Amino acid sequence: MNHIPFFKKKKVEGLSNKIIIQLRNEYVVLVSETSRQIRANDHHGNAMKEFADNRISTSKYNLITFLPKNLFEQFRRLANAYFLFIMCLQFIPQISSLTPGTSIAPLAVVLSLTAIKDAIDDIRRHRSDRQINNRETKTVVGHELVTRKWKEIKVGDIVRLENNESITADIVLISTSEPNGLCFIETAELDGETNLKIRQALDETCNLEDHIDQLSNFDGEIECEAPNNKLGRFEGNLIWKGKKFQLKNDNILLRGARLKNTQWAFVVCYAGQDTKIMKNSGKAKFKRTKIDHLLNRIILGIFLFLLIMCTIMTICSGFWESFVGYHFRIYIPWETYLSSNQQFGALEISLLTFLSYVIILHTVVPISLYVSIEIIRLIQSKLIDWDNKMYYEPTNVQAQARITTLNEELGQIQYIFSDKTGTLTQNIMTFNKCSIRGKLYGYVIDEAGNEIQDLEKLKPIEFEEKNNDFEWYDKKLLDAIEQNDKDVYNFFTLLSLCHTVMSEEKNGKIIYQAQSPDDNALVSASRTFGFTFMGRTESSITVRFGNKEETYDLLEILDFDNDRKRMSVIVKKHGKIILYCKGADFKIKECLDPSEKKIMAVTNEHLYKLATDGLRTLGLAYKELSESDYNRWTQKLHAA
């Protein structure tokens, strides 16, 4: 905090990224955080900068703030504020004919039930926070790995992540168990996508691998932007050994993601509680349903009706006291605090009568309705928890109502905004039909030459490689495989090689992890037909065709992107260099040789038929390259 005299006002106004506050005759300049500098393994230096720790809190209350905050939220409901007003009026003996207990008891019941329900919801949040904060991970301390809880992780710590482990904080990737510092993450908790995404460490740091001595001596300094809520962007630099290396979003792992298909990864924590997922979540808010808003409007209408009735009766009382009641003072004298003047005394009596009628008629607002609604919500939330029909067996997950105030909002959908398939659906794809060099497979024809529409009446073909999620009925494709059809062989070879799928062996069975459901469906179907993808390294792909295992030299991978709308691999086998490509059918058409026009005309008819059946289509193609063509193209690629 800097104190700047009043006469430096013009200079202060020119400053950027600062909050200027005038106190008496001075300006106080509070510098906001626009960037962050962190040094790995420098616990003392990072502690001096007072970065937030890694402890999270999503709860709304604690023991001290529960009562005032909860009562404040509850009295924002008009009915509660109304009954509080009535209760205050009942403490005035001049206007109340009822004891205050008639309002205190029901209001206390309503407030207590709601407070208990809110307390239960917040206790669940505290338990969830405690469970997350007490998760354990391994950090580099000195020259050894030490197990620590998540809440004890500090900015600048080097953390070791294991396969399938949730990511501790927003972290910069240093090294992994995979070649070139690659790793795969699942971001379902961040963006809802279960497809794997690739992240990569810098070439300069991936050589550190899992050498604890070198990692404990790593003193790289990270300069990066201040914590923000933008999930798709990161800007920063790593300064190490006197050199500066640019950090991008591909070098960052965000809290909420999960490490997949990577045995281990070492990372530097750069933001604790200020993670992007926490920046996006915000503070827990008191949520109100449409029924709450509707009841507020109804209560407001009833209250206006009550005011109109009380006003009419007040006017009538004023007239009666002025012209009739005033003459009965001999028998029923007015109270001593009233004016003896006829007009003023009648006016005072009518005003007191107004408040008396408000108390007498306050029951037109049904407080029992709120008691019933709160009890019904609590019971409904328990029925959701106990409903066996809402149990998901594959993951052994039972439905859980995390908050009891939003039950009636379930299913009340007015608008749907969706970017693509998979956001609102499971996005599970299967291999259904294919067209190979003008021959269509997947449709079953009866003896009369007609297509059989209802395939469920037929028995699916049994394969040696069992796949419970895949069913096939057309024997023509299996016959073509048995006859060693060259086109069919090339088709399944392409499916086995042209992808970015990673394989992992569990319990003697190969499990595939793919970035997209398309790749997973195609590679799994290829395995079912006997063309099995076994695994990959940085420079090779291993497949098994039948009982024969083959290894292809992997020369290049051109990943899928939105501009090319296709992906390609270039492999080498027995001295032949082959380009395999798959992608959007219209993009593949543009790349075909003019000699393929006849085949393309037949294939277009097949594409139309498949699209009419509601199937998603994909184009496949390959080309054999000469050594000179490949070398010339490689030079252009590396130059680019």
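Residues numbered from 1 in each chain as written. Predicted model: local features only at pLDDT ≥ 70, side-chain atom pairs only at ≥ 80, totals over all residues. Heavy atoms only, no water.

**Here we look at the packing of aromatic side chains**
Line of reasoning, step 1. Evaluation of the coordinates by the stated rule reveals 22 aromatic pairs.
Line of reasoning, step 2. Here Phe 431 and Phe 529 contribute two aromatic rings whose centre-to-centre distance is 6.3 Å and whose plane-to-plane angle is 75 degrees, an arrangement assigned as edge-to-face. With Phe 431 in the loop between helix 11 (367-386) and strand 17 (434-436) and Phe 529 in the loop between helix 14 (517-528) and strand 21 (531-536), this residue pair connects regions lying 98 residues apart in the sequence. We note that Phe 431, like Phe 529, is buried.
Line of reasoning, step 3. Three or more aromatic residues link up through ring pairs in this structure, and these residues are Phe 431, Phe 463, Phe 470, Trp 472, Tyr 489, Phe 491, Phe 492, Phe 529, Phe 531 and Phe 545.
Line of reasoning, step 4. Across from the ring centre of Trp 150, 5.1 Å away, lies the NZ or CZ of Arg 135, which sits over that ring.
Line of reasoning, step 5. Across from the ring centre of Tyr 443, 4.8 Å away, lies the NZ or CZ of Lys 433, which sits over that ring. (Phe/Tyr/Trp six-rings, centres within 6.5 Å; stacked < 30°, edge-to-face > 60°. Helix = DSSP H or I, 4+ residues; strand = E, 2+ residues; numbered from the N terminus. Buried < 20%, exposed > 50% of the residue type's maximum accessible area, 1.4 Å probe, protein only. Lys NZ or Arg CZ within 6 Å of the ring centre and 35° of its normal.)

**Overview of the pairing of strand 23 (residues 548-558)**
Line of reasoning, step 1. When strand 22 (residues 540-545) meets strand 23, the two strands line up antiparallel, connected through six bridges. In the sheet register, Ile 541 faces strand 23, and the bridge partner there is Tyr 552.
Line of reasoning, step 2. The loop that links strand 22 with its antiparallel partner strand 23 comprises two residues; one of these, Gly 546, has a positive phi angle of about 70 degrees.
Line of reasoning, step 3. Here strand 23 runs beside strand 24 (residues 566-573); their pairing, made up of five bridges, is antiparallel. Bridge assignment links Glu 556 to a residue of strand 24, and that residue is Ile 570. (Pairing = 2+ DSSP bridges.)

**Details of the nonpolar core**
One recurring pattern in soluble globular proteins: nonpolar side chains tend to sit buried together.
Line of reasoning, step 1. Phe 431, Tyr 441, Trp 472, Leu 477, Phe 492, Phe 529 and Tyr 580 are the most contacted members of the largest nonpolar core, which has 38 residues in total.
Line of reasoning, step 2. A per-element tally of this core places helix 13 (residues 486-497) first, with six residues.
Line of reasoning, step 3. Apart from residues no more than four positions distant in its own chain, Phe 529 is found in contact with Phe 431, Phe 463, Phe 470, Trp 472, Leu 477, Leu 478, Ile 481 and Phe 492.
Line of reasoning, step 4. Residues Ile 174, Phe 218, Phe 234 and Phe 266 belong to the second largest nonpolar core, which totals 22 residues. (Core = buried A, V, L, I, M, F, W, Y, C linked by side-chain atoms within 4.5 Å. Contact = heavy atoms within 4.5 Å.)

**Focus: the UniProt feature "binding site: ATP" (unreviewed entry) in the chain**
Line of reasoning, step 1. Per the UniProt annotation, the sites labelled "binding site: ATP" (unreviewed entry) are Asp 419, Lys 420, Thr 421, Phe 560, Lys 582 and Arg 616.
Line of reasoning, step 2. Following the sequence through the fold, Lys 582 ends up in strand 25 (residues 576-583).
Line of reasoning, step 3. Looking at Lys 582, the relative accessible area reads 6%, which means it is buried.
Line of reasoning, step 4. In this structure, Lys 582 is in contact with Leu 494, Cys 498, His 499, Asp 519, Leu 522, Arg 566, Met 567, Ile 588, Leu 618, Gly 619 and Leu 620, ignoring residues within four places of it in sequence.
Line of reasoning, step 5. Within the structure, Lys 582 has its side chain in polar contact with the backbone oxygen of Cys 498 (distance 3.1 Å). (UniProt positions renumbered as here; feature names shortened; annotations may be inferred. Polar contact = N/O pair within 3.5 Å; in protein donor to acceptor, adjacent residues only side chain to side chain.)

**Overview of the UniProt feature "transmembrane region" (unreviewed entry) in the chain**
Line of reasoning, step 1. Look at the UniProt record and you will see "transmembrane region" (unreviewed entry) annotated at residues 294-320 and 349-373.
Line of reasoning, step 2. A helix fraction of 100% and a strand fraction of 0% characterise residues 294-320, whose end C-alpha atoms lie 39 Å from each other.
Line of reasoning, step 3. For the annotated span residues 349-373, helix accounts for 76% and strand for 0% of the residues, and the straight-line distance between the end C-alpha atoms is 39 Å.

**A short note on helix 9 (residues 290-323)**
Line of reasoning, step 1. Relative to the 50 Å expected for 34 residues at 1.5 Å per residue, helix 9 spans 50 Å between its end C-alpha atoms, a close match to the ideal helical length.
Line of reasoning, step 2. Restricting attention to buried positions, one finds in helix 9 the residues Asp 292, Leu 295, Asn 296, Ile 299, Leu 306, Cys 310, Thr 314, Ser 317, Gly 318, Glu 321 and Ser 322. (Expected span 1.5 Å × (residues − 1).)

**Examining the sheet that holds strand 26 (residues 619-625)**
Line of reasoning, step 1. Spatially, six strands are ordered 21-22-23-24-25-26 in an open sheet, and the strand pairing comes out antiparallel. On the outer flanks of this sheet lie strand 21 and strand 26, each paired with one strand and no other. Taking the axes of each pair of neighbouring strands and ignoring which way they run, one obtains an average angle of 30 degrees across the sheet.
Line of reasoning, step 2. The strands touched by helix 17 (residues 627-639) within the sheet are strand 23, strand 24, strand 25 and strand 26, with strand 23 carrying the most contacts at an inclination of about 45 degrees. (Axes fitted to C-alpha atoms, helices over the stretch in contact; angles between N-to-C directions.)

**Examining the environment of Gly 583**
Line of reasoning, step 1. When you line up the elements, Gly 583 lands in strand 25.
Line of reasoning, step 2. Accessibility expressed as a relative area gives 4% for Gly 583, which makes it buried.
Line of reasoning, step 3. Between the C-alpha atoms of Gly 583 and Ala 621, which are 38 residues apart in sequence, the distance is 9.0 Å.
Line of reasoning, step 4. Look past the residues within four positions of Gly 583 in its chain and what remains in contact with it is Lys 565, Arg 566, Ile 588, Leu 618 and Gly 619.

**Details of a nonpolar patch on the surface**
Line of reasoning, step 1. A surface patch of nonpolar side chains, amounting to about 580 Å² of accessible area, comprises Val 109, Leu 113, Ile 375, Ile 379, Leu 383 and Trp 386.
Line of reasoning, step 2. Secondary-structure elements contributing two or more residues to the nonpolar patch are helix 5 (101-133) and helix 11.
Line of reasoning, step 3. Counting residues per element, the nonpolar patch draws most heavily on helix 11, which supplies four residues.
Line of reasoning, step 4. Taking the relative accessible area as the measure of exposure, Trp 386 reaches 60% and is therefore exposed. (Patch = residues over 30% accessible without salt bridge, like charges linked within 9 Å, V, L, I, M, F, W, Y side chains within 5 Å. Areas by Shrake-Rupley, 256 points an atom, 1.4 Å probe, with all protein chains shown as cover. Salt bridge = Lys/Arg side-chain N within 4 Å of Asp/Glu carboxyl O.)

**Topic: the sheet that holds strand 4 (residues 35-39)**
Line of reasoning, step 1. Read across the open sheet, the four strands follow the order 4-11-12-13; overall the sheet is antiparallel. Taken across any chain shown, the strands that pair with only one partner, and hence form the sheet edges, are strand 4 and strand 13 (243-247). Going from strand to strand, the sheet's axes swing by 20 degrees on average, the running direction of each strand aside.
Line of reasoning, step 2. Pairing geometry for strand 4 and strand 11 (residues 221-225), over five bridges, is antiparallel.

**Overview of the packing of helix 13 against helix 14**
Line of reasoning, step 1. Direction vectors running N to C along helix 13 and helix 14 enclose 130 degrees, while the axes themselves pass 9 Å from each other. The angle between the axes of helix 13 and helix 14 places the two elements in the oblique class. Handedness of the crossing formed by helix 13 with helix 14: left-handed. Residues Phe 492, Leu 495 and Ser 496 of helix 13 form the contact with helix 14, whose participating residues are Leu 522, Val 523 and Ser 526.
Line of reasoning, step 2. When grouped by side-chain class, the residues that make up the contact of helix 13 with helix 14 number four nonpolar, two polar and no charged. (Parallel < 35°, antiparallel > 145°, perpendicular 65-115°, else oblique. Left-handed = near helix turned anticlockwise from the far one by under 90°. Nonpolar A, V, L, I, M, F, W, Y, C, P; charged D, E, K, R; others polar.)

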